[in-house]
Amino acid sequence: RPVELATVRLRHMVEVLTNWDAYVSDARFIDFRGATYLFEGDELLYEYRHRGVLTYSATMARPLTFLAPFIGAKALNPLGLGDDGVAATPS
């Protein structure tokens, strides 16, 4: 199945490259890895930048908590996972 996965990735790459302007509206932010931005129009509402790779939130256990000021408590557990997102402490 590696060929199938490579084909899917290639299709995604072609999609992004052929529609570059739709996906990248402001090239100033293209070089940031591990970043999250929330805009309303031209106003930047939220920004998170990390120097590492594959992180996009200051709270990776619940990466959408930054949305709480905008959408309320649903941001704390949007999938309704049945837990509070806090690791149990060993006894």
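Refer to the structure above for everything that follows.
Residues numbered from 1 in each chain as written. Predicted model: local features only at pLDDT ≥ 70, side-chain atom pairs only at ≥ 80, totals over all residues. Heavy atoms only, no water.

Asker: Any chance you could break down a nonpolar patch on the surface for me, citing the residues and the numbers?
Answerer: Together, Leu10, Met13, Val14, Val16, Leu17, Trp20 and Tyr23 make up a nonpolar patch on the protein surface, roughly 660 Å² of accessible area in all. Here the nonpolar patch takes five residues from helix 1 (residues 2-18), the largest share from any one element. Its location among the elements puts Trp20 in helix 2 (residues 20-23). With relative accessibility at 36%, the residue Trp20 sits in the partly exposed group. (Patch = residues over 30% accessible without salt bridge, like charges linked within 9 Å, V, L, I, M, F, W, Y side chains within 5 Å. Areas by Shrake-Rupley, 256 points an atom, 1.4 Å probe, with all protein chains shown as cover. Salt bridge = Lys/Arg side-chain N within 4 Å of Asp/Glu carboxyl O. Helix = DSSP H or I, 4+ residues; strand = E, 2+ residues; numbered from the N terminus. Buried < 20%, exposed > 50% of the residue type's maximum accessible area, 1.4 Å probe, protein only.)

Asker: Run through the packing of aromatic side chains, naming residues and quoting values.
Answerer: Under the definition given, this model contains two aromatic pairs. When the centroid spacing of 6.2 Å and the interplanar angle of 25° are considered together, the rings of Tyr37 and Phe39 count as stacked. Their ring planes at 20° and their centres at 4.2 Å tell us that Tyr46 and Phe66 sit as a pair that is stacked. With Tyr46 in strand 2 (residues 43-49) and Phe66 in the loop between strand 2 and helix 3 (68-71), this pair connects stretches of sequence that are 20 residues apart. The exposure class assigned to Phe66 is buried, which follows from its relative accessible area of 14%. (Phe/Tyr/Trp six-rings, centres within 6.5 Å; stacked < 30°, edge-to-face > 60°.)

Asker: Can you lay out the environment of Pro63 for me, pointing to particular residues and giving the numbers?
Answerer: Tracing the chain through its elements places Pro63 in the loop between strand 2 and helix 3. In the structure, Pro63 is positioned 13 residues away from Leu76 in sequence and 8.5 Å away in space, judged by C-alpha atoms. The contact partners of Pro63, leaving out residues within four places of it in the chain, are Tyr56 and Ser57. (Contact = heavy atoms within 4.5 Å.)

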